[in-house]
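If you want the building blocks of each chain, they are given just below.
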Amino acid sequence: MFKYLKNDLPASVVVFFVALPLCLGIALASGAPLFSGLIAGIIGGIVVGALSGSNIGVSGPAAGLAAIVLVSITSLGYENFLVAVVIGGVIQLIFGLLRLGIIGYFFPSSVIKGMLTGIGIIIILKQIRFFFGMDKNVTGDIEFLQVEWNNLLSGLLNDINSLLSGNISMGATMIGLIALGILLLWSNILSKKGKIFKLIQGPLVAVVIGIVYYLFTKDGSMGLIESQLVSVPVPDSIDSFKGQFSFPNFNVIGNVEVWITGFTIALVASLETLLCVEATDKLDPHKNVTPTNRELFAQGTGNIISGLIGGLPITQVIVRSSANIQSGGRTKMSAIIHGFFLLISVILIPTLLNKIPLAVLAAVLFIVGFKLAKPSTFKNMFKLGWKQWLPFMATVLPMVITGDLLLGIGLGLAVGIIIILLKSFQNSHFLHIEDKSNGKNSVKMTLAEEVTFFNKGAILKELDNLPEETYLEFDVRKTRYLDNDIIEILEDFAYKAKERKIDIKLISQKGTVENPSSYIEFFTLRPKSENS
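Here is what the cut-offs are and how they apply
Residues numbered from 1 in each chain as written. Predicted model: local features only at pLDDT ≥ 70, side-chain atom pairs only at ≥ 80, totals over all residues. Heavy atoms only, no water. Helix = DSSP H or I, 4+ residues; strand = E, 2+ residues; numbered from the N terminus. Buried < 20%, exposed > 50% of the residue type's maximum accessible area, 1.4 Å probe, protein only. Areas by Shrake-Rupley, 256 points an atom, 1.4 Å probe, with all protein chains shown as cover. Core = buried A, V, L, I, M, F, W, Y, C linked by side-chain atoms within 4.5 Å. Expected span 1.5 Å × (residues − 1). Contact = heavy atoms within 4.5 Å. Phe/Tyr/Trp six-rings, centres within 6.5 Å; stacked < 30°, edge-to-face > 60°. Lys NZ or Arg CZ within 6 Å of the ring centre and 35° of its normal. Salt bridge = Lys/Arg side-chain N within 4 Å of Asp/Glu carboxyl O. Polar contact = N/O pair within 3.5 Å; in protein donor to acceptor, adjacent residues only side chain to side chain. Axes fitted to C-alpha atoms, helices over the stretch in contact; angles between N-to-C directions. Left-handed = near helix turned anticlockwise from the far one by under 90°. Nonpolar A, V, L, I, M, F, W, Y, C, P; charged D, E, K, R; others polar. Parallel < 35°, antiparallel > 145°, perpendicular 65-115°, else oblique. pLDDT = per-residue confidence, 0-100.

1. Some remarks on the overall build of the protein chain
Working step 1: A tally of helices and strands in the protein chain yields 22 helices and 9 strands.
Working step 2: By residue count, 53% of the 532 residues in the protein chain fall in the buried class.
Working step 3: Working note: accessible area of the protein chain is about 23,900 Å², and carbon and sulfur atoms make up 64% of it.

Right, dumping it as structure tokens:
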């Protein structure tokens, strides 16, 4: 774990600066105390990072759960909601014991790439207002996190209107451009000039320059106002710090609604984590493979601890994980160290953190978002053909329009399944007209290895289109599975064929028969007593 500390330490700094505003923003969007987001970030880094088998995954409060959390807190109350978080963690432990981590591998690569690209676009779009100082919320990201149709595009149109009308902060724009310039200079030029530029990361330099800028310009026309800075809770005593923690009310453990909420959290958090695991493993240049069942165990443990001390639900998070990868993180130490950075900063330097301009953090996230949603990704997916392009775009577009991660994944997966069914429909059989003899058409039809009820429409169409007085050679030697629906079609066709003067030759591994009255007897893997 310490072998690559020279890589993990700088990466952990970048992840820390990415995670800090996200922890606060997700807590705000969830209707929870801001401190609860920081608790989840700390637990996700230290506890989940230590237990996880992922080298580069980073966990924290879950954006995909924010809408569920918001409704649950409103309905149950925060202390009662924390019981559901603990229950959700226990259920995730059970998922891990049942070895359900394999579920993530059943999602097509095109959908995973679409999820990454969609998140990248959303990150870029949602940082525009912070970069130009247009947002009055502290770290508000409610529109991105709640499921509301057209919320993201309407927000983008408002941002564009603000830009065109000049309703921006010159101070925030200036430091945002300076930070973006530093990041590009560092990654494209200086990082190749010497080891010092790899050890000291560009985001850290940009943050330091941002703090200096704020201190020197706060009383001038180019200064920043409070809403354009990070806002971390600042306790004025040990008692006030302890007072920021909340604890679950286990008196409601018998409440059915609490258990339903807990199961929902476990299900959605597990799915989001497994998809992020699959995505981060694809991004990892060293191609490490994360043990998914162990990941569910780590996430469940993290959620139990987070719920017990007042934190939000936790999942593995693609934004932080991708920032970790792009910054050169090699082992789980980068995730663990970032968690300690969050803990130390909240305790020792909250006042200093509150001097960091949001425009600087927006510049960091611009780079992260662009690397996830490169134009070359669209080009490469288009080149792979429509079977990859359609699920990819079906994932990207709903995510960008609604800001809903799970909706995009669900639609992308649905399109992928439809394409599979379509290809199965098309490839259920092979029809070949061989020759004409004795005044009859000679046709050969060969069935595929597996033929299910999805294929019956295609087969029925071809059989019905056969002209009268056709000689049909029906080859089922390659067929290993034949659905009962298909057998019924063939049984019906055997009777229709006599009326249409169609002669049938059935070829199977059991032999050949002319004009069969029953097809079931001639299929190798089907006993005569089996009905389906």
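Now, onward.
2. Concerning unusual backbone geometry
Working step 1: Not every positive phi belongs to a glycine, and Arg 99 is a case in point at roughly 60°.
Working step 2: Tracing the backbone shows Arg 99 in the loop between α4 (78-97) and α5 (109-131).
Working step 3: Accessibility expressed as a relative area gives 60% for Arg 99, which makes it exposed.
Working step 4: A positive phi angle, near 55°, is found at Lys 501, a position not held by glycine.
Working step 5: Along the chain, Lys 501 falls in the loop between α22 (484-499) and β8 (503-508).

3. Some words on the nonpolar core
Working step 1: By size, the foremost hydrophobic cluster in this structure holds 108 residues, and its most contacted members are Ile 119 and Val 319.
Working step 2: Broken down by element, the residue count for this core peaks at 12 residues, all from helix α17 (residues 358-372).
Working step 3: The next biggest cluster of nonpolar side chains, apart from the first, holds 20 residues, and it includes Val 443, Leu 447, Ile 486 and Leu 490.

4. Some points on helix α8 (residues 170-188)
Working step 1: In this model α8 runs 27 Å from its N-terminal to its C-terminal C-alpha over 19 residues, within 8% of the 27 Å that 1.5 Å per residue would give.
Working step 2: Within α8, the full set of buried residues consists of Gly 171, Ala 172, Thr 173, Ile 175, Gly 176, Ala 179, Leu 180, Ile 182, Leu 183 and Trp 186.

5. A closer look at the environment of Gly 49
Working step 1: By the secondary structure assignment, Gly 49 is in helix α2 (residues 34-51).
Working step 2: Assessed through its relative accessible area of 6%, Gly 49 is described here as buried.
Working step 3: Put simply, Gly 49 and Ile 337 are 288 residues apart on the chain and 9.1 Å apart in space, counted from C-alpha to C-alpha.
Working step 4: Non-local contacts of Gly 49, meaning those with residues more than four positions away in its chain, are made with Gly 44, Lys 332 and Ile 336.

6. Some details on the packing of aromatic side chains
Working step 1: Considering all chains together, one arrives at 11 aromatic pairs under this definition.
Working step 2: Plain terms: the ring middles of Phe 382 and Trp 389 are 5.3 Å apart, the flat faces sit at 90° to each other, and that makes the pair edge-to-face.
Working step 3: With a relative accessible area of 22%, Trp 389 lands in the partly exposed category.
Working step 4: Pairwise contacts between aromatic rings join Phe 378, Phe 382, Trp 389 and Phe 392 into one cluster.
Working step 5: Between the NZ or CZ atom of Arg 330 and the centre of the ring of Tyr 4, over which it lies, the distance is 3.9 Å.

7. Here we look at the pattern of salt bridges
Working step 1: Scanning all chains against the criterion turns up 3 salt bridges.
Working step 2: Taking the shortest distance from any N to any O, the salt bridge between Asp 475 and Arg 477 comes out at 2.7 Å.

8. A look at the side chain of Gln 316
Working step 1: The residue Gln 316 is located in strand β2 (residues 314-316) in this model.
Working step 2: A distance of 3.1 Å separates the side chain of Gln 316 from the side chain of Thr 280, its partner in a polar contact.
Working step 3: One polar contact links Gln 316 to Glu 295, side chain to side chain, over a distance of 3.4 Å.
Working step 4: What Gln 316 contacts, discounting residues up to four positions off in sequence, is Ser 54, Gly 57, Val 58, Ser 59, Thr 273, Cys 276, Val 277, Thr 280, Glu 295, Gln 299 and Ser 321.

9. Examining the packing of α2 against helix α15 (residues 333-348)
Axes are the key here: two packed helices are described by the angle between their axes and the distance separating the axes.
Working step 1: The geometry of α2 relative to α15 is characterised by a closest axis approach of 7 Å and an angle of 145° between their N-to-C directions. Classified by chirality, the crossing of α15 by α2 is left-handed. Across from Phe 35, Leu 38, Gly 41, Ile 42, Gly 45, Ile 46, Gly 49 and Ala 50 in α2, the residues of α15 making contact are Ala 335, Ile 336, His 338, Gly 339, Phe 340, Leu 342, Leu 343 and Val 346.
Working step 2: Grouping the constituent residues of the contact of α2 with α15 by class yields 11 nonpolar, 5 polar and no charged.

10. Quick notes on the packing of helix α10 (residues 202-217) against α17
Working step 1: Viewed as axis vectors pointing N to C, α10 and α17 meet at an angle of 160°, and their least axial separation amounts to 9 Å. Taken together, the axis directions place α10 and α17 in an arrangement best described as roughly antiparallel. Taken as a pair, α10 and α17 cross one another with a handedness that is right-handed. Contacts from Pro 203, Ala 206, Val 207 and Gly 210 in α10 reach Val 360, Leu 361 and Val 364 in α17.
Working step 2: For the contact of α10 with α17, the residue count by class is 6 nonpolar, 1 polar and no charged.

11. Brief notes about the confidence of the model for the protein chain
Low pLDDT means the predicted coordinates in that region are not meant to be read closely.
Working step 1: Of all residues in the protein chain, 86% attain a pLDDT of 70 or more, and the chain-wide mean is 82.
Working step 2: The low-confidence segment residues 136-150, where pLDDT is below 50, has 43 contacts with residues more than four positions distant or belonging to other chains.
Working step 3: In this model residues 522-532 is a low-confidence stretch, pLDDT under 50, and it forms 22 contacts with partners more than four residues away in sequence or in other chains.

12. Description of the environment of Pro 33
Working step 1: Among the structural elements, Pro 33 can be located in the loop between α1 (5-29) and α2.
Working step 2: In the structure, Pro 33 is positioned 200 residues away from Pro 233 in sequence and 9.7 Å away in space, judged by C-alpha atoms.
Working step 3: The residues touching Pro 33, leaving out its near neighbours within four places in the chain, are Ala 27 and Tyr 78.

13. Quick word on α4
Working step 1: With 20 residues, α4 should reach 28 Å at 1.5 Å per residue; the first-to-last C-alpha distance of 29 Å fits that figure.
Working step 2: Counting buried residues in α4 gives 15 out of 20 residues, a clear majority hidden from the surface.

14. Some points on the side chain of Glu 473
Working step 1: Checked against the element boundaries, Glu 473 lands in strand β6 (residues 470-475).
Working step 2: A relative accessible area of 16% places Glu 473 in the buried class.
Working step 3: When neighbours within four sequence positions are excluded, Glu 473 is seen to be in contact with Val 443, Lys 444, Met 445, Lys 505 and Ile 507.

15. Overview of the environment of Val 90
Working step 1: Considering the arrangement of structural elements, one finds Val 90 in helix α4.
Working step 2: Residue Val 90 is classed as partly exposed on the basis of its relative accessible area of 38%.
Working step 3: Val 90 sits 176 residues away from Ala 266 along the chain, and the two C-alpha atoms are 8.4 Å apart.

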